[in-house]
Amino acid sequence: MAIEIERKFLVAHDGWRGRATGSDRLHDGLLSSGGTNKVRVRRGSRTAWLTVKGPKSGIARDEFEYQIPLADADEMLARRCHGPIIERVRFLVPEGPHLWTVDVFGGPLEGLIVAELELDHEAVPFERPAWVGMEITHDRRYGSAALLLAAAQNGPVPWRD
């Protein structure tokens, strides 16, 4: 069984930009979300994935990810996803022994910048770089479903509060 263990943070400033070693434009769509489970399709510039996520237990949850053909991802994003498609550019930012990802959102989520760190287990120590701000790991307003809802309704978004 695959387990995802991640911490999420708002980005405090652009200090990460000079350290980024790569990027990719991503489009995410929600195919299904029921209770604590969700199924997402994600398309990058060269690869696409279908991801099934289970309920969170602390900062961990079951995650199963499968590479799919780009044409299938395009079809699902265009015809099968409910709600808006989330647009972001994901940057890879090495800091010490860890590889951070920084997502700069576009479209209706313009202005949101989130840093994520995936860990091998919950107790892995790490230093928070100076450009990493407030932790949002447990803030439900920043979960994918909540962001999709905010984008769909053009409602209030927490990073602009």
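Above: the structure in question.
Let us look at the structure shown here. Every chain is numbered independently, its residues counted from 1 as its sequence is written. For a predicted model such as this one, the threshold for reporting local features is a pLDDT of at least 70, and the threshold for listing and counting side-chain atom pairs is 80 or more; totals across whole chains, interfaces and linings nevertheless cover every residue. As a convention, hydrogens and water are excluded, and side-chain values are obtained from all of the structure's heavy atoms.

**Digging into the pairing of strand E8 (residues 113-118)**
Put simply, side chains in a regular strand alternate between the two faces of the sheet. Stated formally: Between any two strands, at least two bridges found by DSSP are needed for them to pair. Helix numbering and strand numbering both begin at the N terminus, where a helix is a DSSP run of H or I of at least 4 residues and a strand a DSSP run of E of at least 2.
As judged from the 5 bridges shared by strand E1 (residues 3-11) and E8, these two strands associate in the antiparallel manner. If you follow Phe9 over to E8, its bridge partner there is Ala115. The pairing of strand E7 (residues 98-105) with E8 spans 5 bridges and is antiparallel. Residue pairing across strands places Val102 opposite Ala115, the latter belonging to E8.

**What about the environment of Asp62?**
As for its position among the elements, Asp62 is in strand E5 (residues 60-68). Distance in space between the C-alpha atoms of Asp62 and Gly143 is 16 Å, their sequence separation being 81 residues.

**Regarding the environment of Arg17**
Rules: Contacts between residues were defined by any pair of non-hydrogen atoms, one from each residue, lying within 4.5 Å.
Along the chain, the position of Arg17 falls in the loop between E1 and strand E2 (22-34). C-alpha of Arg17 to C-alpha of Trp131: the two residues are 114 residues apart in sequence and 9.6 Å apart in space. Residues contacting Arg17, with those up to four places away along its chain left out, are Phe91 and Val104.

**Some words on the packing of aromatic side chains**
What counts here: Each Phe, Tyr or Trp ring (for Trp, its six-membered ring) is paired with any other whose centre lies within 6.5 Å, and the angle between the two planes then decides the class: stacked below 30 degrees, edge-to-face above 60, tilted in between. A simple rule labels every residue: compare its accessible area, found with a 1.4 Å probe on the protein chains alone, to the largest value its type can have, and call it buried under 20%, exposed over 50%, or partly exposed in between.
Inspection of every chain in the model, using the stated rule, returns 5 aromatic pairs. Considering the side-chain rings of Phe9 and Trp100, the 5.7 Å spacing of their centres and the 55° angle between planes classify their relative orientation as tilted. Separated by 91 residues along the polypeptide, Phe9 in strand E1 and Trp100 in strand E7 bring together distant segments of the chain. A residue is classified by how much of its surface remains accessible, and Phe9, at 0% relative accessible area, is buried. Considering the side-chain rings of Trp100 and Phe126, the 6.0 Å spacing of their centres and the 70° angle between planes classify their relative orientation as edge-to-face. Of the two residues, Trp100 is situated in strand E7 and Phe126 in the loop between E8 and strand E9 (132-135); the sequence distance between them amounts to 26 residues. Comparing Trp100 with Phe126 shows no difference in burial state: the two are buried.

**Remarks on the side chain of Thr101**
Within the secondary structure, Thr101 is located in strand E7. Of the residues examined, Thr101 reaches a relative accessible area of 16% and is grouped as buried. Residues within four places of Thr101 in sequence aside, it is in contact with Arg90, Phe91, Leu92, Val114, Ala115 and Glu116.

**Notes on a nonpolar patch on the surface**
The criterion, for reference: Note that patches include only residues with greater than 30% relative accessible area and no salt bridge, and the join distances are 9 Å for like charges and 5 Å for nonpolar side chains (Val, Leu, Ile, Met, Phe, Trp, Tyr). Reported accessibility uses the Shrake-Rupley method at a 1.4 Å probe radius. Residues are deemed covered only where the shown protein chains occlude them. By convention in these notes, a salt bridge is any Lys or Arg side-chain nitrogen within 4 Å of a carboxyl oxygen on Asp or Glu.
Nonpolar side chains collect at one region of the surface, where Val52, Phe64 and Tyr66 lie side by side and expose about 250 Å² of accessible area between them. In this fold, Tyr66 is placed in strand E5. Look at Tyr66 and you get partly exposed, because its relative accessible area is 45%.

**Some thoughts on the pairing of strand E3 (residues 37-43)**
Among the 7 residues of E3, 5 are classified as buried, and the element is accordingly described as predominantly covered. As judged from the 7 bridges shared by E2 and E3, these two strands associate in the antiparallel manner. Looking at the pairing, Leu30 lines up with Arg40 of E3. Counting the residues that bridge the hairpin from E2 to E3 gives 2 residues, and of these Gly35 lies at a positive phi of roughly 65°. Strand direction decides the pairing type here: E3 and strand E4 (residues 48-57), joined by 6 bridges, are antiparallel.

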